[in-house]
Amino acid sequence: MRPHDNRAWLLLLPALSLLGVVGALPLLAVFNYAFHDIFTLSSVHWVGFEWFIDILQSDRFVASLGRSLLFSVLALSIQVPLGIAVALLLLGFGKRAAWGLMLCALPLVVPWNMVPILWLGLIDADTGLLGPGLAAVGFDYKFTALHTWALILAVDTWHWLGLVVVLAYAGLSAIPPAYRQAAAIDGASRWAVLRHIELPRIAAALSIVFLLRFVDSFMIYTEAFAINAGGPGDATRFLTLELGEEIKGFSYGQAAARATLYFLIVLAVVWAFVAATRPPEGEA
Amino acid sequence: MIRVLALCALATFLLLPLVQAIVLSVTATLTHGGVAAGTIGLMNYSNVLADPDVRASIGNSAAYVLLNVGLCIAVALPAAYALARYSFVGDRHFLLMILVFRVTPPVVLSLPIFILFSQLGLVNSPVGIALVHCLFNLPVAIWILESFIRAVPPALDETAFLDGHSGPSFFFRHLIPAIAPGIGVAAFFCFIFSWVEVVFARVLTVTGGKPVTMAINAMFGFQTDTGLVMAMTCLSLVPGVAMIWFVRNDIARGFTLRA
């Protein structure tokens, strides 16, 4: 049991003031802009909830929200199980697993705007290693919606699988060998070990993965925009692409209202997730 | 046998785009300067590095990334220590709050950050980017360091204080050496998240101080030299790969955290 001492807040002060300047203050400013029509910074008019009503009533918003949610669900349901599987695979290699982890972490250090460049180079019909093969089977990410989705999902998985693997591996390698030995003596099946020993032990690490991957895939912009700019048609117009258009079009009030909405959506999901996974009362 | 095959499939998937980039980066894709298209060699790299804008951008990126890492570690250490050793009113709320900041999408904040920082004179400067990147790096650093400090027995603190060490002297002479791998892992994650970030880095560099990620965007034009772009991409991976190498044995230990 840790001693109770409210003076510990003093140690949090530097962190709090830093986050206040770069986090809380800008957030308040966004909320404020969201209720104004902004022509220039010196010509600002109060419009109340007008922007919010406009956005919420537009069919495009609902459609984009649906696409973003679908993308998040697909990304999570591919990357989380695959990441756990890779972590289990690496665990079987003992000390040599460090090489596998380094391999998986490699895509994480690629600057975000270069990830689509790498992949578009790879599938380029003329110079890409995969280009001729993909062209032969009729893969066309520019004009076939299903193919665009598959490409963006593949790129996102390539980019972020390493994070899931590293965190899952960290949790898995911390399980004392005695647990597995006891399970082996009891004749537990592989599935039972996974279900009753491994998954509960990595739950904390996985919840972080879930949140980070949810937010990043829900707010995907750089990759989606670079690959097909929301096309073909509107098939990959995600929420962030609409926000980007408004910022580029200088309609700041509307952009701020939209940003506020996105923030509230993210906050609601995070809150629901934390509430649902909170351990029963009592210090762990 | 199946395990080895699975590993090979994984390695192929992860490495293929990088192999492609390396191949293109050593191929002349456009004919200029007396070098015919299709020639193999390092001319793309020498061309990229001869460009003063690119050299400046490498310096800019290095400046804000290092500044950010230093700042995050310095600010996160006391906070992580407080969270690991004491319970206090609102400690859970603090953890929830930094989680909220970590998951706030950068696009949401880009506009007011730009206005705020232009009033503070921090646009086009590495300091501005280093500060903004704390928004998502500080929570990560606090989580990682907290789990490492928690793993150090509280007896270490008590003995040090009995030996007459003051707070700061205990921090530097006992705590920091004891959690050195944790600081390495936290620095690794701060480094890569700051190095790869593009939204804030783009918004906050209007006329100068362009980072590496923006220097590559400037290479796209009427006739894009793919070889040049790929050479630049490969160069931008070097620091990250070096960081992975440094923390390879500790990388998986940083996240044994409580929810």
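Procedures and definitions
- Residues numbered from 1 in each chain as written.
- Chains lettered and ligands numbered in written order.
- Predicted model: local features only at pLDDT ≥ 70, side-chain atom pairs only at ≥ 80, totals over all residues.
- Helix = DSSP H or I, 4+ residues; strand = E, 2+ residues; numbered from the N terminus.
- Buried ≥ 20, exposed ≤ 12 C-beta atoms within 10 Å, placed from the backbone.
- Contact = placed C-beta atoms within 7 Å.
- Core = buried A, V, L, I, M, F, W, Y, C linked by C-beta atoms within 7 Å.

Engineer: Tell me what's going on with the overall build of chain B, and back it up with residues and numbers.
Structural biologist: When you go through chain B residue by residue, the secondary structure sums to 12 helices and 0 strands. Summarising its shape, the C-alpha atoms of chain B cover approximately 75 × 60 × 30 Å along the three principal directions. By residue count, 46% of the 259 residues in chain B fall in the buried class. Taking all contacts inside chain B whose residues are at least 6 apart in sequence as the whole, residues at least 24 apart take part in 79%.

Engineer: Go over the overall build of chain A, please, and point to the residues and values.
Structural biologist: Counting its secondary structure elements, chain A contains 13 helices and 2 strands. The C-alpha extent of chain A, read off along each of the three principal axes, is 75 × 65 × 30 Å. In chain A, buried positions account for 36% of the 284 residues. A fraction of 69% describes how many contacts in chain A between residues 6 or more apart in sequence connect residues 24 or more apart.

Engineer: Got a sec to walk through the interface of chain B and chain A? Specific residues and values, please.
Structural biologist: Opposite the 75 residues of chain B that make contact, chain A presents 78 residues. Elements with a minimum of two residues in the side of chain B that touches chain A: α1 (2–25), α3 (52–85), α4 (91–103), α5 (106–119), α6 (126–151), α9 (180–196), α11 (212–217) and α12 (226–246) of chain B. Looking at the side of chain B that touches chain A, the element that brings in the most residues is α1(B), giving 13 residues.

Engineer: Can you lay out the nonpolar core for me, pointing to particular residues and giving the numbers?
Structural biologist: Core analysis: the largest hydrophobic core is formed by 142 residues, its most contacted members being A:V165, A:A168, B:A76, B:A141, B:I142, B:L145 and B:A186. Ranked by residue count, the leading element in this core is α6(B), at 16 residues. Setting aside its immediate chain neighbours within four residues, B:A76 contacts A:A15, B:L138, B:A141, B:I142, B:L145 and B:A186.

Engineer: Describe the environment of A:L120, with residues and values.
Structural biologist: Residue and element names in this part refer to chain A. Relative to the helices and strands, L120 is located in helix α5 (residues 114–122). Owing to 19 C-beta atoms within 10 Å, L120 belongs among the partly exposed residues under this scheme. Sequence separation between L120 and G100 is 20 residues, and the spatial gap between their C-alpha atoms is 25 Å.

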